[in-house]
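# Chains, contacts and geometry: an overview
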Amino acid sequence: MNRGLRSVACCIALSGWTALAAQDPADDWWSLRSLPAAASDPAPPPIDALLDSRQAEAGLVPAPPADRRTLIRRLTFDLHGLPPTPEDIESFVDDPHPSAYARLVDRLLASPRYGERFGRFWLDLAHYADTHGYDKDKVRPNAWPYRDWVIQALNTDLPFARFAELQIAGDVLAPGDPDGIKALGFLAAGPWDFVGHVELREGTVDKDITRSLDRDDMVATVMATFASTTATCARCHDHKFDPVPQRDYYRLQAVFAGVERADRIYEGGAHSEYLTSNAGTLGYHSAIVPEQETTKWVQVDLGAVQALDEVVLLPAHEVYGGHPGPGFGFPRRFAVSLSNDADGADAVTIANHTAADFAHPGDDPVHIDCGGRTARYVRITATHLFERTDDWIFALGELLALDAAGTNLAAGAAVTALDSIEAGGAWGRAYLTDQAARRSGKSVYVATASFRSNGSFTPPPAGLPRPIHVLARGDVRQPGEEVDPGALSCLPQLAHHFDGLPGDDESARRAALAAWITDPANPLTWRSIVNRVWQFHFGEGLVDTPSDFGRMGSRPSHPELLDALAVWFRDSGGSLKDLHRLLLHTRAWQRASTASDTALAADAQNRLLGRFTRRRLDAEELRDAMLACSGRLDLTMGGPPVRWFGFENDHSPRYLYQDFDPDGEGANRRAVYRLIVRSVPDPLFETFDCADPSALTPKRFTTQTPLQALALLNDRFVLRQAEHFAAQLEREAEGMDARVTRAFEIALGRQPEQHELTLLRDHATTQGLASACRVVFNLNEFVFVD
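Residues numbered from 1 in each chain as written. Predicted model: local features only at pLDDT ≥ 70, side-chain atom pairs only at ≥ 80, totals over all residues. Heavy atoms only, no water.

Along the protein, the regular secondary structure elements total 26 helices and 20 strands. Split into buried and exposed, the 786 residues of the protein put 58% on the buried side. Excluding contacts between residues fewer than 6 apart, the proportion of contacts in the protein whose partners are at least 24 apart in sequence is 74%. Of the roughly 30200 Å² of accessible surface on the protein, a fraction of 52% belongs to carbon and sulfur atoms. (Helix = DSSP H or I, 4+ residues; strand = E, 2+ residues; numbered from the N terminus. Buried < 20%, exposed > 50% of the residue type's maximum accessible area, 1.4 Å probe, protein only. Contact = heavy atoms within 4.5 Å. Areas by Shrake-Rupley, 256 points an atom, 1.4 Å probe, with all protein chains shown as cover.)

Below, the structure written as structure tokens:
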């Protein structure tokens, strides 16, 4: 949601605040009430008994159990987002064993398809995408390791507390573990303003606004996802409905005052593997000039005279600006010199490439032998610059100064230059020696330690948090009280997590918030996650405003059940798979979706769960299901996202879905692995209500529109899959009756009735089998789960 609109929305109906506050004092609102203390041997709550009692009070007669054919289709889509095969259906239907259903649940949860399915649900909450958003919406090439980490963590059933805390402070809580870095992609998953962060100069009001909004997004993501709290409504004033003073909001901003979004290495080797610069690595960038033959220099101060074995120049790799990435800014002609004097009066040139153009290195490092010479200063002087866009620059990812033992003596060394662009999280002198690009390896786009510039634009050591002030009316031009990091004061039992934090350690702040979120005494976290999983299976949460447990949200339909689930989940180890099992074994989930007129009159919205709520396949399920039916589904997991569009890279890239071949490279991968664009959504996905990755999406809204029918009849992907489906049927069956029957078995999980067989056979005979397959894809029975 637009930040300004959100603030306005918070101020609507202020007169209602007095009445609400009178009904429920701040310390007695249902979501803030403490949960019971931990039990040594927690027992699962009696879910069906609690539901049945409410139904009996309302005089509601629940629907009968669904048949097995319905159950396996429902369950397979629910846990895998894919249809069951005809063979799996028949095996389950014919299995007389009392534990057949339990074994089916276990098998589906054990499959890697589960992590892909539930992972997509989690990525909606994180508003994950593979582009930055905003007006220049550039590709974010290293976001995907976070997506893969989510899928892996869910498949391995990482306990929820660990799953949560790693996404806030994984680098601190799992030092040396690549997963701890990849998990931080959660904080950086949302939109990022390229213009504001990269192109605006330091020291301006607009730059301050950009950074404030970036921290606002992190606060919103963490607090809405894990605590179901609208803390960001207190950005301009005290929250008008919930006990969240403005000071609390800025204390939460202070947690993230030392981080910015950037690519960060998560795998690398020893010194012998100083092989390539990393895509997206930050570095030094000179001022831009109009002439190529302009001298620029940058110099590293090693702090003392040192014996040097080798200098290594790691080229920069631009991923943000739309320019050629490998070797961005590497000069055509340059020299490298050593000296003991800052002014270079005694300089010795150890590499001179000023007479002819140097072969462009791309991402390969440039090694320069020092022969054991001693020096304090290393200077690179560029004499012919790199062409950017009708202008010229000098840029470098990192400089290493290695001694005979391979130690990088330049790590963290001071850097001076003739001139420099200091662009926050993108470019700066200090990035030349910060070791971010020092090893070959893989990188992930995460929230990482930032540099704070002072009045002279000289960045101090990495990770020093910026001061955070309470802003009158949310205006960066009206700073008030400076605040320390913290969380919600309405939960005083958790305040100790922020006691005694060192002021200059940004990582300690995030670790404290992670501990605050996952504390067993935090009633918001445990109610929030069980409500989300309930929503995932039943279509609506016990609280139908899953990211707002405040006064502007809904109250729980079954408060006793919600609390019982929260306590059991918290105290039994936080296994999400066990929670899935518990809910899927209820009679409520296994009921038929039919309802009598009496039941509809008594509970039209099905809040009492007397029947199963019929649902339409979401956009990803629909596409994946068509691929499964056509026999073309590629189950390759992980890796960089696949592009289902033509792409023209520029300052503002163009995403051309009409230029993509439905049989092109990567077209048959699962939808969770597609490259998600914020500004230009995939037309088929948008038509079927896919989540908007520019906004936090706690639940998707389902529409029924004529455009959906038109898309299923005319979309190029649908047409191609209908052709592939027809070709598969022709390979598997002889004769039109057999082929139509097989189409029903694959797509709908049953055989056709005689009138259905006749109609579709006649259509296939006159219009072609591919046209008949397109009809099957348009059936409500295909598009809806039940």
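Moving on from the coordinates now.
Right, let's get into the pairing of strand β3 (residues 296-307). Bridge analysis of β3 against strand β10 (residues 374-384) gives eight bridges, and the strand direction is antiparallel. The residue of β10 that forms the bridge with Trp297 is Thr381. The pairing of β3 with strand β15 (residues 414-417) spans four bridges and is classified as antiparallel. By the bridge assignment for β15, Val300 is matched with Val415. (Pairing = 2+ DSSP bridges.)

This brings us to the side chain of His724. Along the chain, the position of His724 falls in helix α22 (residues 716-732). Owing to a relative accessible area of 17%, His724 belongs among the buried residues under this scheme. At 2.9 Å, the side chain of His724 forms a polar contact with the side chain of Asp663. For His724, the contacting residues outside a window of four places in its chain are Ser630, Arg632 and Asp663. (Polar contact = N/O pair within 3.5 Å; in protein donor to acceptor, adjacent residues only side chain to side chain.)

Turning to the sheet that holds strand β9 (residues 366-369), a few remarks are in order. Spatially, three strands are ordered β9-β4-β14 in an open sheet, and the strand pairing comes out antiparallel. At either margin of the open sheet sits one strand with a lone partner, and together these are β9 and β14 (398-402). Neighbour-to-neighbour, the strand axes of this sheet turn through a mean angle of 15°, independent of strand direction. (Axes fitted to C-alpha atoms, helices over the stretch in contact; angles between N-to-C directions.)

On to the environment of Tyr249. Relative to the helices and strands, Tyr249 resides in helix α13 (residues 246-255). With a relative accessible area of 0%, Tyr249 lands in the buried category. With 11 residues separating them in the primary sequence, Tyr249 and Asp238 have C-alpha atoms 8.8 Å apart. Those residues within four positions of Tyr249 in sequence are excluded, and the remaining contacts are Asp216, Val219, Ala231, Thr232, Ala234 and Arg235.

A few words now on α13. Of all 10 residues in α13, eight are buried, a share of seventy percent or more. Among the residues of α13, Gln246, Asp248, Tyr249, Tyr250, Leu252, Gln253, Ala254 and Val255 are the ones counted as buried.

Spatially, the five strands line up as an open sheet ordered β8-β7-β10-β3-β15, and their pairing is antiparallel. Every interior strand has two partners, whereas the edge strands, β8 (348-353) and β15, have only one. Each neighbouring strand pair of the sheet contributes to a mean axis angle of 20°, computed without reference to strand direction. The pairing of strand β7 (residues 333-339) with β10 spans seven bridges and is classified as antiparallel. Across the sheet, Ser339 pairs through a bridge with Tyr377, a residue of β10.

Attention now moves to the packing of helix α23 (residues 736-748) against helix α24 (residues 754-767). Where α23 meets α24, the closest approach of the two axes is 9 Å, and the angle between their N-to-C directions is 115°. The element α23 and its partner α24 pack so that their crossing is right-handed. Contacts between α23 and α24 involve Met736, Asp737, Val740, Thr741 and Phe744 from the first element and Glu756, Leu757, Leu760, Arg761, Ala764 and Thr765 from the second. (Left-handed = near helix turned anticlockwise from the far one by under 90°.)

The next subject is the confidence of the model for the protein. Averaged over every residue, the pLDDT of the protein is 90; the share at 70 or more is 90%. Every residue in residues 268-281 scores below 50 in pLDDT, and together they form 48 contacts with partners more than four places removed in sequence or on other chains. (pLDDT = per-residue confidence, 0-100.)

Its 13 residues give helix α14 (residues 506-518) an end-to-end C-alpha distance of 19 Å, which sits within 8% of 18 Å, the value for a rise of 1.5 Å per residue. The buried fraction of α14 is high, at 12 of 13 residues. Within the span of α14, buried status applies to Glu506, Ser507, Ala508, Arg509, Arg510, Ala511, Ala512, Leu513, Ala514, Trp516, Ile517 and Thr518. (Expected span 1.5 Å × (residues − 1).)

What follows is about the pairing of β7. A regular strand carries its side chains on alternate faces of the sheet. Counting buried residues along β7, seven of its seven residues qualify, which places the element largely inside the surrounding structure. Relative to β8, β7 is paired through five bridges, and the arrangement is antiparallel. Looking across to β8, one finds that Val336 is bridged to Ala351.

The next subject is the packing of α13 against α14. Relative orientation of the contacting elements α13 and α14 amounts to 125°, with a least axis distance of 8 Å. When the interaxial angle is binned, α13 and α14 end up oblique. Between α13 and α14, the contacting residues are Leu252, Ala254 and Val255 on the first element and Glu506, Arg509, Arg510 and Leu513 on the second. Tallied by class, the residues present in the contact of α13 with α14 amount to four nonpolar, no polar and three charged. (Parallel < 35°, antiparallel > 145°, perpendicular 65-115°, else oblique. Nonpolar A, V, L, I, M, F, W, Y, C, P; charged D, E, K, R; others polar.)

What follows concerns the packing of aromatic side chains. Describing an aromatic ring pair means giving the distance of the ring centres and the angle of the ring planes. In this structure the tally under the stated criterion is 33 aromatic pairs. Centre to centre, the rings of Phe121 and Phe536 are 5.3 Å apart; their planes meet at 65°, and the pair counts as edge-to-face. Linking Phe121 in helix α7 (residues 112-125) with Phe536 in helix α15 (residues 523-538), this pair joins segments that are 415 residues apart in sequence. Phe536 matches Phe121 in its accessibility class, with the two residues each being buried. (Phe/Tyr/Trp six-rings, centres within 6.5 Å; stacked < 30°, edge-to-face > 60°.)

By the element assignment, Leu622 lies in helix α19 (residues 619-630). A C-alpha to C-alpha distance of 8.7 Å links Leu622 and Phe688, two positions 66 residues apart in sequence. Those residues in contact with Leu622 that sit more than four places away from it in its chain are Leu617, Phe688, Leu712, Phe782 and Val783.

Once that is clear, we can look at unusual backbone geometry. One non-glycine residue, His127, lies in the positive phi region at around 40°. Structurally, the position occupied by His127 is in the loop between α7 and α8 (144-155). What makes His127 buried here is its relative accessible area of 2%. Residue Asn606 is not a glycine yet carries a positive backbone phi of 60°. Among the structural elements, Asn606 can be located in the loop between α18 (597-602) and α19.

On inspection of all chains with the given rule, the structure shows zero disulfides. Residue Cys629 stays outside any disulfide, its sulfur separated by 9.0 Å from that of Cys773, the closest cysteine. What makes Cys629 buried here is its relative accessible area of 0%. (Disulfide = S-S within 2.5 Å.)

The next thing to look at is the environment of Asp179. Mapped onto the secondary structure, Asp179 falls in helix α10 (residues 178-182). If near-sequence neighbours (up to four positions away) are discounted, Asp179 is found in contact with Trp149 and Gln152. Separated by 3.3 Å, the side chains of Asp179 and Lys182 make a polar contact.

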